[in-house]
Amino acid sequence: MDHERETITLDGADGRSADLVSSTISRFKAHSATIAVIGLGYVGLPLACTVARKGFSVLGIDIDATKVDQLNAGNSYISHISSDNISELRKTGRFAATGDFSRIAEADAIILCVPTPLTRQREPDLAFVVQTTEAIAPYLRRGQLIVLESTTYPGTSRGILRPILERRGLRSGQDFYLAYSPEREDPGNAEFSTAAIPKVVGGDGADALRLACALYDEVVTHTVPVSSLEAAEAVKLTENIFRSVNIALVNELKTVFGAMGIDVWEVIEAAKTKPFGYMAFYPGPGLGGHCIPIDPFYLTWKAREFGVVTRFIELAGEINTAMPQRVVDRTIEALSEVSGRASKGARILILGVAYKKNVDDTRESPAFKIMELLEKRGAVVAFHDPMVAEIPPTREHAEFAGRRSVSLTKDNVAGFDAAVICTDHDAVDYRRLVEWLPLVIDTRNVCARQGLTTERVIKA
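Worth saying up front: this structure is predicted, and the values here are computed from it rather than measured.

The rules behind the values
- Residues numbered from 1 in each chain as written.
- Predicted model: local features only at pLDDT ≥ 70, side-chain atom pairs only at ≥ 80, totals over all residues.
- Heavy atoms only, no water.
- Core = buried A, V, L, I, M, F, W, Y, C linked by side-chain atoms within 4.5 Å.
- Buried < 20%, exposed > 50% of the residue type's maximum accessible area, 1.4 Å probe, protein only.
- Contact = heavy atoms within 4.5 Å.
- Helix = DSSP H or I, 4+ residues; strand = E, 2+ residues; numbered from the N terminus.
- Phe/Tyr/Trp six-rings, centres within 6.5 Å; stacked < 30°, edge-to-face > 60°.
- Axes fitted to C-alpha atoms, helices over the stretch in contact; angles between N-to-C directions.
- Parallel < 35°, antiparallel > 145°, perpendicular 65-115°, else oblique.
- Left-handed = near helix turned anticlockwise from the far one by under 90°.
- Salt bridge = Lys/Arg side-chain N within 4 Å of Asp/Glu carboxyl O.
- Pairing = 2+ DSSP bridges.
- Patch = residues over 30% accessible without salt bridge, like charges linked within 9 Å, V, L, I, M, F, W, Y side chains within 5 Å.
- Areas by Shrake-Rupley, 256 points an atom, 1.4 Å probe, with all protein chains shown as cover.
- Arc of directions from axis to C-beta.
- Polar contact = N/O pair within 3.5 Å; in protein donor to acceptor, adjacent residues only side chain to side chain.
- Nonpolar A, V, L, I, M, F, W, Y, C, P; charged D, E, K, R; others polar.

### Quick word on the nonpolar core
Alright, step 1. In this structure, Phe28, Ile35, Phe56 and Leu145 are the most contacted members of the largest nonpolar core, which totals 44 residues.
Alright, step 2. Not counting the four nearest positions on each side in its chain, Phe28 is found in contact with Ala33, Ile35, Phe56, Asp108, Ala109, Leu145, Leu211, Ala214, Leu215 and Glu218.
Alright, step 3. In terms of nonpolar packing, the next biggest core, distinct from the first, is built from 38 residues, Ile38, Ile110, Leu126 and Ala248 among them.

### A look at unusual backbone geometry
Alright, step 1. Of note, His31 is a non-glycine position whose phi angle comes to about 60°, a positive value.
Alright, step 2. As for its placement among the helices and strands, His31 is situated in the loop between helix H2 (15-30) and strand E1 (34-38).

### Observations concerning the packing of aromatic side chains
Here a ring pair, both rings aromatic, is described through the centre-centre distance and the interplanar angle of the planes.
Alright, step 1. Taken as a whole, this structure holds five aromatic pairs when the rule is applied.
Alright, step 2. Taken together, a centroid distance of 6.0 Å and an interplanar angle of 15° make the contact between Trp265 and Tyr282 stacked. Of this pair, Trp265 sits in helix H10 (residues 264-271) while Tyr282 is found in the loop between H10 and helix H11 (295-305), placing the two residues 17 residues apart along the sequence.
Alright, step 3. Accessibility expressed as a relative area gives 33% for Tyr282, which makes it partly exposed.

### Quick word on the packing of helix H9 (residues 229-259) against H11
Alright, step 1. Orientation of H9 relative to H11, taken along the N-to-C sense of each, is 115°, at an axis distance of 8 Å. Considering the angle they form, H9 stands roughly perpendicular to H11. Once H9 is placed against H11, the crossing between them reads as left-handed. Two secondary-structure elements touch here, H9 through Lys236, Leu237, Asn240, Ile241 and Ser244 and H11 through Asp295, Pro296, Tyr298 and Leu299.

### Regarding the pattern of salt bridges
Alright, step 1. As enumerated under the stated definition, the model contains 30 salt bridges in all.
Alright, step 2. Glu372 is paired through a salt bridge with Lys369; the nearest N and O atoms lie 3.3 Å apart. Of this pair, Glu372 and Lys369 both sit in helix H13 (residues 366-376), separated by three residues, roughly a single helical turn.
Alright, step 3. With a relative accessible area of 14%, Glu372 lands in the buried category.
Alright, step 4. Where salt bridges share partners, they join Arg158, Arg162, Glu166, Asp204 and Glu230 into one cluster.

### A few points about the sheet that holds strand E4 (residues 109-112)
Alright, step 1. Taken together, the eight strands give an open sheet; going across it, the order is E3-E2-E1-E4-E5-E6-E7-E8, and neighbouring strands pair in mixed fashion. A strand with exactly one partner marks an edge of an open sheet, and here the two such strands are strand E3 (95-98) and strand E8 (223-225). Direction aside, neighbouring strands of the sheet carry axes that sit 25° apart on average.

### Points about a nonpolar patch on the surface
Alright, step 1. Where nonpolar side chains cluster on the molecular surface, the patch consists of Val256, Met260, Ile262 and Val267 and spans about 320 Å² of accessible area.
Alright, step 2. Along the chain, Met260 turns up in the loop between H9 and H10.
Alright, step 3. When its relative accessible area of 56% is taken as the criterion, Met260 is described as exposed.

### Observations concerning H10
In an α-helix there are 3.6 residues to a turn, and that puts residues three or four apart on one side.
Alright, step 1. Within the sequence span of H10, burial applies to Val264, Trp265 and Ile268. Seen from one end, H10 has its buried residues packed into an arc of 100°, which puts them on one side.
Alright, step 2. Buried positions along H10 lie against H9 and strand E13 (457-459).
Alright, step 3. Where H10 starts, the residue carrying a side-chain oxygen 2.9 Å from the main-chain nitrogen of Trp265 turns out to be Asp263.

### Focus: the packing of H9 against H10
Alright, step 1. The geometry of H9 relative to H10 is characterised by a closest axis approach of 9 Å and an angle of 125° between their N-to-C directions. As the angle between them shows, H9 and H10 are arranged oblique. For the pair formed by H9 and H10, the contact residues are Val250, Leu253, Lys254 and Phe257 on the first element and Val264, Val267 and Ile268 on the second.
Alright, step 2. Residue composition of the contact of H9 with H10, by class: six nonpolar, no polar and one charged.

### Let's talk about the environment of Phe192
Alright, step 1. Here Phe192 lies in the loop between strand E6 (177-180) and strand E7 (199-203).
Alright, step 2. Note: C-alpha distance between Phe192 and Ile319 (127 residues apart in sequence) is 29 Å.

Written out as structure tokens, the structure reads:
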């Protein structure tokens, strides 16, 4: 037991509960336990694969029958998880997918990795968490560990999950054990895979904490126990609010320095040579992904319950949300300045609709807002993305569903008046893009990084 863990005091437990905990911990350490992972998306599937590779039997559960069928056939639907990986795990017999929640009874630990989006009113939408918890509650048995990994506000695990799980008479801390461990996935980051990222863990009591730490100790590089469920829930919000605020800062600096004729990218590169007191963040066309555009508003909503106004967080949200409009304004200006072209009828190619480079995840991508705003100004918009062949259905931009990526060939590109680089995928040949197009709007500084500096490349 490391020094961090020694600081956590253990509650007393009756003999029955102590035996349950000891027995389950023994199975975790022997890797003989069965682990159920609910929600096989960008968080759940990497976790399920990692746990299975560690030698555990893993039961992946998802309500999407198509995903279940694909996984059981040995196929992956996420670009950075290969089908070979899934196929290999299937052959070992350590991984299976199902939509049958009654199989929860087979598991020693149940990990929930379901979406926690916002409503249209920018309030927390915990429908997936509630529905999933209600689905597993009838099949709980004594001794099981239940862990929520979905990002949420402090108080969710104790105030929402625990009452649902206790409806049939089982008690948290005596019959089952409830913990929270925030997901820290960074899709497409080869340096930090799931197993290489430390896990923060909070429990509903000392036994739940011991169990959760015992499980994750066998899966990831190390665990970081904290004093409560609420502290663990707050950790994830803090991590993503930190990023949101700092990205908002450099987005604002980009606007300020741009008005002064100063290149914010040059400033950041010079500033980051300081070996202390500075951390580089980079501007962009807006925020995307399942965390940073959403998570801060979970805390702003919860803070109102305590009469606290989160002005700093909300201001960062306003700045980041305004970035797509700034990109569109700069694009329209550049069309007029460089090509003498009005936005109405202009053909514009969006480069990248994934929210970050080298992944196929389009959730909350600012590219969609940029496309919407350009089309409202009369532009004819298409997109190219080497990771996204077809835009999937989205709640905010259903009108783009089914639109297909344009091949990046000279003949195809020749008809466009401009390209807007929203996502700087490595697979794109930017040199040819600059050669073929009369105007390139670069929101990621990728052209400058590759030495492609001409009057036809405009930073935005």
